[in-house]
Every structure is written in structure tokens, then in C-alpha cells.
Amino acid sequence: MSKKDRNRVCPAELAGGLDNKIRRLFQNPVKILKPYVKEGMNVFELGCGPGFFTPAIAGLAGNAGSVIAADLQEKMLDILRDKIRNTEFEKRITPHKCGKNSIDYHGGADFVFAFYVIHEIPDKERLFTELYSILSGGGRMLIIEPPFHVTGEEFRKMTDIITGCGFRLIKQPRMFPNKAVLFEKTV
Ligand SMILES: C[S@@+](CC[C@H](N)C(=O)[O-])C[C@H]1O[C@@H](n2cnc3c(N)ncnc32)[C@H](O)[C@@H]1O
């Protein structure tokens, strides 16, 4: 697979492959997010897709918390809207449409979560500068990237860009076969 193919935006037509029971068996959203998402947090989920993780984040953030579920594709956000309609999570989740070159979000966040999305975004320096600006001091950002789409070298380059934007690398949680890294804004 060429680098261009590996980094293309995942089409909304593949949403079913992202949100299903089989995936839940080996990528349990609550298990992955419980160490990071606490009651009352405002979470910015970048590239939420059809919302495989979104309700779990809203559940962990609780009644006082909220989720900005952000995606480039309106079609993905529509699938998410249908999924949460008339559920207890509807009020806690705000679907947000990102621009092609900007997250276009100017509110705040206590935690940023990005699963399988960073490799699809060409201008990483701009992205992480924006994410740094929305994150509260001491706020954390968890990034998880897929094994075949992202090489070890590409992942290292990405972490260098992120630290260059002011984030401090906290740890690289084990999430085999995926690549994961946790950052903090230390201002
Ligand atoms: C492979 S999917 C992963 C979706 C979800 N995180 C999951 O794991 O199920 C990547 C998602 O990132 C979104 N995306 C790609 N580029 C983006 C950008 N510049 N801003 C926001 N979302 C973007 C795509 O539209 C797609 O929904």
C-alpha cells in the first residue's frame, strides 16, 4: 500500500467496519479510556467517525462532563447523531464539524483523544498547535495510531512534532499492535 493510500481519509461508507461488536471484543472503549477520562471532564475527541468511542467517553465524563465529537465528514457526524438520538448521552455530546485545514474549535478541553486519525491529517504542526491552544494547563492528550498505516519512523516523527508544539511526552502505553502515546500540556 502506498503512503498516499495509507494516509487517505477513511470514507464514511466504511463506518460499519469501525463501529461493530467484533471490534468491541479487542478494543473495548471503556477499558481503553477509563484511566484517562474522569467525571466532569470536557473531552475533545478528534476524528470521532461514527462514534465507536464517543458514548463511552460521555459515560465516563458523567452528567457534569461533555464531549466535543469532532470530525471532518458530516456523514460520519450524521451516523453519530443517529446513534445517540434519544439516549442519555445526547445532551453530553456535541458533534462538531472540523475544517479541512483546521479543527475550527475555539472552546476549551481537559482531555484530547485521537484514535486512528492523526495519519490522515497532513499538516500536523498546525493541528497540534491548535490542540495545544484548546487544552487546559495540565490537560492530557492520548493518541493511538494503527500498526500497518503508520510505521515506527512516522510515529517517532509525529511525537517530535508534538513535543515541538510544547507538549510533554508522559508515556507510551502498551496497546499492541497499535502505537500509543500520552502527552501533557505543562503550563
Ligand atoms: C479511521 S477513522 C477512525 C474513527 C474513530 N476514531 C474510530 O476509531 O472509530 C478516522 C476518522 O478521522 C476523520 N478525519 C480525517 N481527517 C480529519 C481532520 N482533518 N479533522 C477531523 N477529522 C478527520 C475521518 O473523517 C474519519 O472519521
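Whatever comes next refers back to the structure up there.
Chemist: Account for the overall build of the protein, with residues named and values stated.
Modeler: Broken down by element type, the protein carries eight helices and seven strands. Seen through its C-alpha atoms, the protein measures out along the principal axes to roughly 45 × 40 × 30 Å. Long-range contacts, defined here as pairs at least 24 residues apart, represent 74% of the contacts in the protein between residues at least 6 apart. Looking at the protein as shown, the accessible area adds up to about 9700 Å², and 54% of this sits on carbon and sulfur atoms. Computed over 28 positive and 22 negative side-chain charges, the separation of the two mean positions in the protein equals 5 Å.

Chemist: Which residues make up a nonpolar patch on the surface, and what values go with them?
Modeler: Where nonpolar side chains cluster on the molecular surface, the patch consists of I22, L25 and F26 and spans about 410 Å² of accessible area. Inspection of the secondary structure puts I22 in helix 3 (residues 21-26). I22 gets classed as exposed once you look at its relative accessible area, which sits at 60%.

Chemist: Describe helix 6 (residues 74-84), with residues and values.
Modeler: Those residues of helix 6 that sit buried are M76, L77, L80 and I84. Looking straight down helix 6, one finds that the buried residues subtend no more than 95 degrees of arc, so they occupy a single side. In helix 6, the exposed positions angled more than 90 degrees off the buried face are occupied by K75 and D82. Where helix 6 is buried, its residues touch helix 2 (15-18), helix 5 (54-61), strand 2 (66-71) and strand 3 (93-97).

Chemist: Describe in detail the site of the ligand, supporting the description with residues and values.
Modeler: Taken together, 20 residues lie around the ligand, and R23, G47, D71, Q73 and F115 are the ones closest in. With respect to the ligand, the side chain of R23 contributes an N or O atom lying 2.8 Å from an oxygen atom. Contact distances for the ligand include 2.9 Å between a nitrogen atom and a backbone N or O atom of F115. Contact with the protein chains removes 96% of the 600 Å² of surface that the ligand exposes when unbound. Taken together, the residues of the shell around the ligand break down into 14 nonpolar, three polar and three charged.

Chemist: Before we move on, can you summarise the environment of P29 with the specific residues and values?
Modeler: Counting through the fold element by element, P29 comes out in helix 4 (residues 29-33). Owing to a relative accessible area of 3%, P29 belongs among the buried residues under this scheme. In this structure the C-alpha to C-alpha distance between P29 and A56, which are 27 residues apart in sequence, comes to 6.1 Å. For P29, the contacting residues outside a window of four places in its chain are R24, F52, F53 and A56.

Chemist: Quick one: what's the story with the sheet that holds strand 2, residue by residue and with numbers?
Modeler: An order of 3-2-1-4-5-7-6 is seen for the seven strands of this open sheet, with the pairing classed as mixed. Looking at strand neighbours, the two that pair on one side only are strand 3 and strand 6 (168-171), the edges of this open sheet. For this sheet the average axis-to-axis angle between neighbouring strands, irrespective of direction, equals 20 degrees. Strand direction decides the pairing type here: strand 1 (residues 42-46) and strand 4 (residues 109-115), joined by four bridges, are parallel. Residue pairing across strands places F44 opposite V112, the latter belonging to strand 4. Contacts between helix 7 (residues 124-134) and the sheet are confined to strand 1, strand 4 and strand 5 (135-145), with strand 5 contributing the most and set at about 140 degrees to the helix. Sheet strands in contact with helix 8 (residues 152-164) are strand 5, strand 6 and strand 7 (179-184), and its direction is about 5 degrees off that of strand 7.

Thresholds applied
Residues numbered from 1 in each chain as written. Predicted model: local features only at pLDDT ≥ 70, side-chain atom pairs only at ≥ 80, totals over all residues. Heavy atoms only, no water. Helix = DSSP H or I, 4+ residues; strand = E, 2+ residues; numbered from the N terminus. Contact = heavy atoms within 4.5 Å. Areas by Shrake-Rupley, 256 points an atom, 1.4 Å probe, with all protein chains shown as cover. Lys, Arg positive; Asp, Glu negative; His and termini not counted. Charge placed at Lys NZ, Arg CZ, Asp CG, Glu CD. Patch = residues over 30% accessible without salt bridge, like charges linked within 9 Å, V, L, I, M, F, W, Y side chains within 5 Å. Salt bridge = Lys/Arg side-chain N within 4 Å of Asp/Glu carboxyl O. Buried < 20%, exposed > 50% of the residue type's maximum accessible area, 1.4 Å probe, protein only. Arc of directions from axis to C-beta. Near = heavy atom within 4 Å. Polar contact = N/O pair within 3.5 Å; in protein donor to acceptor, adjacent residues only side chain to side chain. Nonpolar A, V, L, I, M, F, W, Y, C, P; charged D, E, K, R; others polar. Pairing = 2+ DSSP bridges. Axes fitted to C-alpha atoms, helices over the stretch in contact; angles between N-to-C directions.

Just distances and angles here, no functional claims.
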